Amino acid sequence: SVSIALFTADLRLHDNPVLRAAQRDADEVVPLFVRDEGVRAAGFDAPNRRAFLADCLHDLDAGLRARGGRLVVREGDAVTETCRVAHATGARDVHVAADVSGFAHRRERRLREALEADGRRLHVHDAVTCVLAPGAVTPQGKDHFAVFTPYFRRWEGERPRDVLPAPRAVSVPESAESGALPARSDVADVSPRLAPGGEDEGRERFRRWTSDGVDAYEDRHDDLPGDATSRLSPHLHFGTLSATELVARSRSRGGAGAEAFVRQLAWRDFHRQVLAARPAASYADYRTRHDSWRRDERAATAWREGRTGYPVIDAAMRQLREEGWMHNRARLLTASFLTKTLYVDWRVGARHFLDLLVDGDIANNQLNWQWTAGTGTDTRPNRVLNPLTQAKRFDPDGGYVRRYVPELAATDALRGGRVHTPWKLPAEERRALDYPEPIVDLTDGLNRFRVARGLD
Ligand code: FAD
């Protein structure tokens, strides 16, 4: 007998309940990945993620080959292609991970109907792409938690499922035909310093993180130049690492840094359970503040290009373009700057992030944007982060700015923390810099926001 393990956001062999169940069911298994044209049609097929995905698929194929199998890759509509493979191989059962977006729900429903119409079955597995499935803990009488702290208290008290080992052997039927694996080198417009993908790479990164990174995490996670976070987010997004395994390993290792890291992983589950309960929160305000956002294409363009005249904001936006990734503190600052200081719609910023972030994720991105804009689950929706105060706190010597804004790094008069206020240079030196004047006065921005939100 044959069954299909349909890989989605779980591109790994270790701790993969989908692959485990498919193998348990049948003598042979088709490890299938469909390059879904629906993802492209939804505008979610950004070059950085496509390049990272190519690495992941190569690595998954290599891991399967080392176990006597191979990856079957198809391209087209995920439902049609899965049914075709099922037909060609005689597979009766298809296993897939549960997911939270509206897109994933619709795909799952279509797949179930198509398979059942043909006498086959779809098995959807929870807690593959997260630690606790959405709905596993709920407040009394409600379908999801809208505040993180009470969610986390319950989350911490639950026992996650056991971590599964990677299979020793995988036997794939001859009749499963595969298309070519996509190559990273075929993808255009990739960020020059994009990190490599794949399960091996993710496991190695996590190993280094537990040996040299995590202990300093609690104290240094906000340190912009220190870059002291795990950078595991793309691996969590593509599922080359299992969040369940990271939690188990971090807990058994112990320490304040590991605990703080586990708490961040709970944020991921938190946003997922919000989106699972309110799929419309990917585009509509989770909580309306009756905003009438400004349309300001000039300001939005300056923000996207990292030319706002605020060095810490510009450094962050350039980091995003250069690496396809941005530090969490920088994400908070740039999102607050766009939605509050410039009072531009969070959807404008969220779209740009999704176009570039290698970890770009509907639940994490849209709900963190909403959180920062104050239309989401933040219990202090009207706080505004001042980029200067934040820069002094989290980049006191200006190392972060100098790393990403070369025109400021080269100026001697802007040594140390002075790099955050280039407008204080004498007029002549200032003109010599190819760097813009601030596009907005911070006090004006703050006042405009307060009036718009009816706070004054
Ligand atoms: P670490 O600090 O090492 O944290 C470990 C893991 O915990 C992360 O990899 C991530 O999976 C999870 N995590 C950490 N913080 C959060 C958070 N606030 N919400 C949810 N999960 C979290 N994260 C994404 O994965 N994809 C996105 O598209 C995304 N967009 C964001 C947009 C905005 C405006 C903001 C403010 C945050 C966004 N985040 C997003 C959350 C967070 O910034 C990143 O997960 C984090 O910076 C990734 O770096 P890291 O792996 O080094 O994190």
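Residues numbered from 1 in each chain as written. Predicted model: local features only at pLDDT ≥ 70, side-chain atom pairs only at ≥ 80, totals over all residues.

Here we come to the overall build of the protein. Scanning the protein from terminus to terminus reveals 21 helices and five strands. Scaling as 2.2 N^0.38, a compact globule of 456 residues should have a C-alpha radius of gyration of about 23 Å, and the protein matches this with 23 Å. Taking the principal axes of its C-alpha atoms as reference, the protein extends roughly 75 × 50 × 45 Å. Residue burial in the protein is summarised as follows: out of 456 residues, 46% are buried. Sequence separation of 24 or more characterises 79% of the internal contacts of the protein that already satisfy a separation of 6 or more. (Helix = DSSP H or I, 4+ residues; strand = E, 2+ residues; numbered from the N terminus. Rg over C-alpha atoms; globule rule 2.2 N^0.38 Å. Buried ≥ 20, exposed ≤ 12 C-beta atoms within 10 Å, placed from the backbone. Contact = placed C-beta atoms within 7 Å.)

Moving on, we get to the sheet that holds strand 4 (residues 93-97). Consider a sheet: its strands pair through backbone hydrogen bonds, and that pairing is either parallel or antiparallel. One open sheet holds the five strands; their spatial order is 3-2-1-4-5, and the pairing between them is parallel. Every other strand in the sheet has two partners, leaving strand 3 (72-76) and strand 5 (121-125) as the edge strands with one partner each. For this sheet, the mean inter-axis angle between neighbouring strands, taken without regard to orientation, is 30°. (Pairing = 2+ DSSP bridges. Axes fitted to C-alpha atoms, helices over the stretch in contact; angles between N-to-C directions.)

Neighbouring the ligand are 28 residues, the closest being T229, S230, S233, N365 and N368. Of all the elements in the fold, those that place two or more residues in the shell around the ligand are helix 9 (233-238), helix 11 (256-277), helix 14 (328-341) and helix 16 (362-373). When residues of the shell around the ligand are assigned to their parent elements, the largest contribution, six residues, is made by helix 11. In terms of residue class, the shell around the ligand is made up of 10 nonpolar, 13 polar and five charged. Each of domain 2 (130-160 + 200-278) and domain 3 (297-452) accounts for three or more of the residues forming the shell around the ligand. (Near = placed C-beta within 6 Å. Nonpolar A, V, L, I, M, F, W, Y, C, P; charged D, E, K, R; others polar. Domains from an automatic or database assignment.)

A word on the confidence of the model for the protein. The predicted model of the protein has a mean per-residue pLDDT of 97, with 100% of residues at 70 or higher. In the predicted assembly, ipTM is 0.99 and pTM is 0.98. (pLDDT = per-residue confidence, 0-100.)

Another aspect to go through is the packing of helix 4 (residues 78-89) against helix 5 (residues 102-117). Orientation of helix 4 relative to helix 5, taken along the N-to-C sense of each, is 35°, at an axis distance of 9 Å. Crossing hand, helix 4 versus helix 5: right-handed. Judged by residue contacts, A78, V79, T82, C83 and A86 of helix 4 engage R107, R110, L111, A114 and L115 from helix 5. Partitioning the contact of helix 4 with helix 5 into residue classes produces seven nonpolar, one polar and two charged. (Left-handed = near helix turned anticlockwise from the far one by under 90°.)

As a further point, take the environment of T288. Looking at where T288 falls in the secondary structure, it is placed in the loop between helix 11 and helix 12 (297-305). With 10 residues separating them along the chain, T288 and R298 place their C-alpha atoms 26 Å apart.

Another aspect to go through is the pairing of strand 4. The buried count for strand 4 comes to five of five residues, which makes it a mostly enclosed element. By the alternation rule, side chains of strand 4 split into D93, H95 and A97 and V94 and V96, which are all buried. Pairing analysis gives four bridges linking strand 1 (residues 2-7) to strand 4, with the strands arranged parallel. The residue of strand 4 that forms the bridge with A5 is H95. Since strand 4 and strand 5 lie parallel, the crossover through helix 5 that links them has a hand, and here it is right-handed. (Right-handed = clockwise from strand over helix to strand, strands pointing away.)

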